[in-house]
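Examination of the molecular architecture
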Amino acid sequence: MGMRGRWSSSRATVLFSAFLAAVAALLLAFPLRDVEATIPGVPWWLLIPVFLAAELVVVHVQARRESLSVSFREVPLVLGLVFLAPVAMVAASVIGSALGLLRRRSGGEKLLFNLCLFAFEAALASMLYHLALGDADPTSVRGVVAALATVVVTDLASAAAVSTVIRLKVGAFDEGVLAEAVTTGLVAALTNTSLGLLVVVLLDARPFAIVLLVGILATVALAYRGYSSLGRSHARLESLYRFTREVQDEVEADAVRDVVLHHVRDVLAAETAELVVLPGRDGSSPGARLVLADDGPVLRELRHEPWLHPAATGDPVLLRNGAAPGPRDAMAAPLVVDGVVDAVLTVRERPRHLGPFTDEDLRLLESLANHAAVSLQKARLLDRLRDEAERQEHLSLHDALTGLPNRRHVLRAITGELSRSQRTGVLVLDVDGFTDINEVFGHAAGDALLTEIGRRLRRVSPLGTVARLGNDEFVVLLHHVADVRSAARAARSLLAVVHDSFSLGAATVDVRVDAGLSVAPDHGVDAEQLLQRADTAMYAAKREGVGLRTWDPLTEGDSARRLTLLRHLRETIEAGELEVVYQPKVEPTGGRVVGAEALARWTHPAHGRVDPEEFVSLAEHSGLIHPLTELVLRRALGQCTRWRLAAPGLSVAVNLSARSLLNPGLPEQVHQALEDAHLPSSALTLELTETAVMTDLDSALEVLHGLADLGVTLSIDDFGTGQSSLAYLKLLPVGEVKVDRSFVAGARADVGDAAIVGAAVDVGHTHGLVVVAEGVEDEATRSLLAQRGCDVIQGYLVSRPLGAEAFDVWLHEHPQPSPPGQGPGGQAGNGSVGIGG
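A few points on the structure.

**Focus: the packing of aromatic side chains**
Inspection of the entire model under this criterion finds 7 aromatic pairs. Pairing Phe16 with Phe113 gives two aromatic rings, centres 6.5 Å apart and planes at 25 degrees, and the pair type is stacked. One end of the pair, Phe16, is in helix 1 (residues 3-29); the other, Phe113, is in helix 5 (residues 108-133), and 97 residues separate them in sequence. According to the relative accessible area criterion, Phe16 is buried, its value standing at 18%. For Phe113, a relative accessible area of 7% translates into the label buried. Positioned above the aromatic ring of Phe502 is the side chain of Arg456, whose terminal nitrogen or guanidinium carbon lies 3.7 Å from the ring centre. Across the ring face of Tyr796, the terminal group of Arg800 is positioned such that the distance to the ring centre comes to 4.1 Å.

Following this line, the structure appears as structure tokens:
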């Protein structure tokens, strides 16, 4: 409890004391105002020394550091009820008790509370006694019953008041101790009341017989003190039992220390309790003091205290009344762990009315210290076992060389990520030529290389998403990917971090990796499946020398699903039943329609909507890519012919796959399709990605120049994500670039993305290219692109992909483009038809 809490409890105690005094005053002023003494004639001041004597002979029952006082005050109370008027009895009780309390050096709020309580007891007892007695003789049966009942009720009320104050002072406390104290007090009260009634009878009948009673009272007092001492011993045994039970229940060393300090302070009624942890003999620990303050245990620096030296060597210490250098009243007992004094348990100072610590208290402290030592030893053993278990668990989940999570750990991570987001990517990487590096530079250099690769991957990936599978394989978990394409872009960015030079001693080596990618739920729905398929794709990338490969169903052997999809895809292409949808493209300023991008969609009768990347991959590896490309191309050109009847200048584009760019007959195929559709070559844009071109650059350049010679517009897709952003613009015969949607989506909120978009527009215009931004989804992005000078935009802000008939309706409702040759940037209007996406 802090300063504010102590002030609050003191104020509550004072207010409660005032309440008791007010009740006493009200009782004296109203129901007791005209009540006289039952047997008058005894001066009221004669009872003051009797109340004083009763107050000095007190038995204290402890409740934590507070105490409940049980005295012989019922004897003078009964005398006052019989021989004094209520007001006189209250005065004698308060004055006599005050002298006794002052003699014991009580003061402050405790003195105030006790005096108010005594006034309340005397007034309440007077009212109850006179109501119960009526006109009967005090020595009659009714008088005896009235006195006994009055004392019992008054003592219960007094106990309730005392327990209230203890709660205000220390909060919750052991109610068992209070119940035992109340029971003991009631037994004593009945005994004292009987004695008081005996005195009344003697004074009324044989006054000189009172001398005989002194011996009886002395005997009773001694017997009562002995009984109280036995009660205290029993209470201490109970406290020791509770302490042992609670301290054994704790399994952490810090919790054991807290329990020890609280119980020791409360059981021994000390003002403070400390656990002095001695310095380690090997110098590993400087030592410290754990002091039980009002707000809980507080760690403080160790200080030099000579009086503790015997305890530090194994001998208990008891100080009384400042007999040696040190506290006025204190005890210390060693805590011996594994035969060595590990710490010293100390208690200091106790309330004066309880007297100094005794030899019995020291023996109790030694017992508590022994139990504490055993529990601390057990808790420390459990702590060591827990630490070792955590260390072993860490080792079982992490790679010893790099400190990265291992296969077991990453499988857990993938499972956890799948429970939060179904769109999760798994990228497996393998270092090319790692065996050669080990042989040339040594295994130490190979280990250093693996560690550095792990460090680089971890630097660009969220914590906990990079793992080492073993040997030269790593895995990266890609969080919250939008689709397979965005996961592949993220994977290429990660590969760029690894595809760099590494210093191995005096030598520098260039490292490349092969990587495989799988994405949930497209490629699997559980961790093992995703990791296995990414691993399969990685070996396919290594075999084909392409750097990065997304999982392909064809690499999975005789997959029933793959075979079913492949058979139905062939049938769908042959029947011309593949669906093509169209996404409009407009100018960012004015919104004039300049064309559309067509996207191929396929819905399987059993498996539902199939991801375009999956069925395009199937087509590439099964020889279906050429008929698929021709189907989409001719469908798109035929639709464009219809559009141009009402809107001259519209054009479309088709995405070309890597396999299509390796087909030397593609230019002739495109030329024939344009002639059959009666369209000029300017009506068609063919989109290609940098990855597709780089698969076989020489062959792709031959095909691209053949297409450019036809007059077809070539467009670089995903502009800004790779090498195409720089040197390849001059190498490739392109007329358009499409800024990647990942930059467009972030341009409004991210300064870096906005700068990239602006730079892409500037670079494109510098080379005389039309610049298209894809993935525009809000008005703020459109406005930003218009300000940057972007020529064409597409995205959900303009329209979602539409079927052919729905696109005709949409086109009718929107402004038409200028005639041919007057499209954006001074070139013919353009659009695009994609096989997938």
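After that view of the structure, there is still more to cover.
**Some details on the sheet that holds strand 15 (residues 548-550)**
Across the sheet, which stays open at both edges, the 5 strands sit in the order 10-11-9-14-15 with mixed pairing between neighbours. With one partner strand each, in any of the chains shown, strand 10 (466-470) and strand 15 form the two edges of the open sheet. Averaged over all adjacent pairs, the angle separating strand axes in this sheet is 20 degrees, with direction ignored. The pairing of strand 14 (residues 513-520) with strand 15 spans 3 bridges and is classified as parallel.

**As for the pattern of salt bridges**
Counting across every chain of the model gives 22 salt bridges. One salt bridge in this structure joins Asp740 and Arg489, with 3.4 Å as the shortest N-O distance. Of the two residues, Asp740 is situated in the loop between strand 22 (736-739) and helix 25 (741-746) and Arg489 in helix 15 (residues 484-498); the sequence distance between them amounts to 251 residues. Relative accessible area serves as the criterion here: at 0%, Asp740 is assigned to the buried category. Owing to a relative accessible area of 12%, Arg489 belongs among the buried residues under this scheme.

**Side note on the packing of helix 14 (residues 443-459) against helix 15**
Helix packing for two helices is described by the angle between their axes and how far apart those axes are. Taken N-terminus to C-terminus, the directions of helix 14 and helix 15 make an angle of 140 degrees; their axes are 9 Å apart at the nearest point. Between helix 14 and helix 15, the crossing angle belongs to the class labelled oblique. Crossing handedness for the pair helix 14 and helix 15: right-handed. The segment helix 14 lies against helix 15, with Ile453, Arg456, Leu457 and Arg459 engaging Leu494, Val497 and Val498. Across the contact of helix 14 with helix 15, the residue classes break down as 5 nonpolar, no polar and 2 charged.

**Describing the packing of helix 2 (residues 47-56) against helix 4 (residues 86-103)**
Where helix 2 meets helix 4, the closest approach of the two axes is 7 Å, and the angle between their N-to-C directions is 40 degrees. As summarised for this structure, helix 2 and helix 4 are arranged oblique, according to the angle between their axes. Seen along the crossing, helix 2 lies across helix 4 with a hand that is right-handed. Listed contacts from helix 4 to Leu47, Ile48, Phe51, Leu52, Glu55 and Leu56 of helix 2 are Ala92, Ser93, Ile95, Gly96, Ser97, Leu99, Gly100, Leu101 and Arg103. Partitioning the contact of helix 2 with helix 4 into residue classes produces 9 nonpolar, 4 polar and 2 charged.

**Quick word on the environment of Arg412**
By the element assignment, Arg412 lies in helix 12 (residues 407-420). Here the alpha-carbon distance between Arg412 and Ala527, two residues 115 residues apart in the chain, equals 7.7 Å. Excluding its chain neighbours within four sequence positions, the residues that come into contact with Arg412 are Glu393 and Leu397.

**Here we look at unusual backbone geometry**
Trans is the common state for peptide bonds, and a negative phi is the common state for residues other than glycine. The peptide bond linking Ala520 to Pro521 adopts the cis configuration, its omega dihedral lying at 0 degrees. Within the chain, His480 stands out as a residue other than glycine whose phi angle is a positive 50 degrees. Counting through the fold element by element, His480 comes out in the loop between strand 11 (473-478) and helix 15. In the Ramachandran plot, His678 falls in the positive-phi region, its phi being about 55 degrees despite a non-glycine side chain. Tracing the sequence through the fold places His678 in the loop between helix 21 (666-677) and strand 20 (684-688). When its relative accessible area of 71% is taken as the criterion, His678 is described as exposed.

**A few points about the pairing of strand 8 (residues 340-348)**
Taking burial as the measure, the 9 residues of strand 8 include 7 buried ones, the bulk of the element. Pairing analysis gives 6 bridges linking strand 3 (residues 272-277) to strand 8, with the strands arranged antiparallel. In the sheet register, Val277 faces strand 8, and the bridge partner there is Ala343. Pairing of strand 7 (residues 330-337) with strand 8, which is carried by 8 bridges, proceeds in the antiparallel orientation. The partner of Ala332 across the bridge, within strand 8, is Thr346. Hairpin connection of strand 7 to strand 8: 2 residues between the antiparallel strands, including Asp338 at a positive phi of 55 degrees.

Cut-off values and rules
- Residues numbered from 1 in each chain as written.
- Predicted model: local features only at pLDDT ≥ 70, side-chain atom pairs only at ≥ 80, totals over all residues.
- Heavy atoms only, no water.
- Phe/Tyr/Trp six-rings, centres within 6.5 Å; stacked < 30°, edge-to-face > 60°.
- Helix = DSSP H or I, 4+ residues; strand = E, 2+ residues; numbered from the N terminus.
- Buried < 20%, exposed > 50% of the residue type's maximum accessible area, 1.4 Å probe, protein only.
- Lys NZ or Arg CZ within 6 Å of the ring centre and 35° of its normal.
- Pairing = 2+ DSSP bridges.
- Axes fitted to C-alpha atoms, helices over the stretch in contact; angles between N-to-C directions.
- Salt bridge = Lys/Arg side-chain N within 4 Å of Asp/Glu carboxyl O.
- Parallel < 35°, antiparallel > 145°, perpendicular 65-115°, else oblique.
- Left-handed = near helix turned anticlockwise from the far one by under 90°.
- Contact = heavy atoms within 4.5 Å.
- Nonpolar A, V, L, I, M, F, W, Y, C, P; charged D, E, K, R; others polar.

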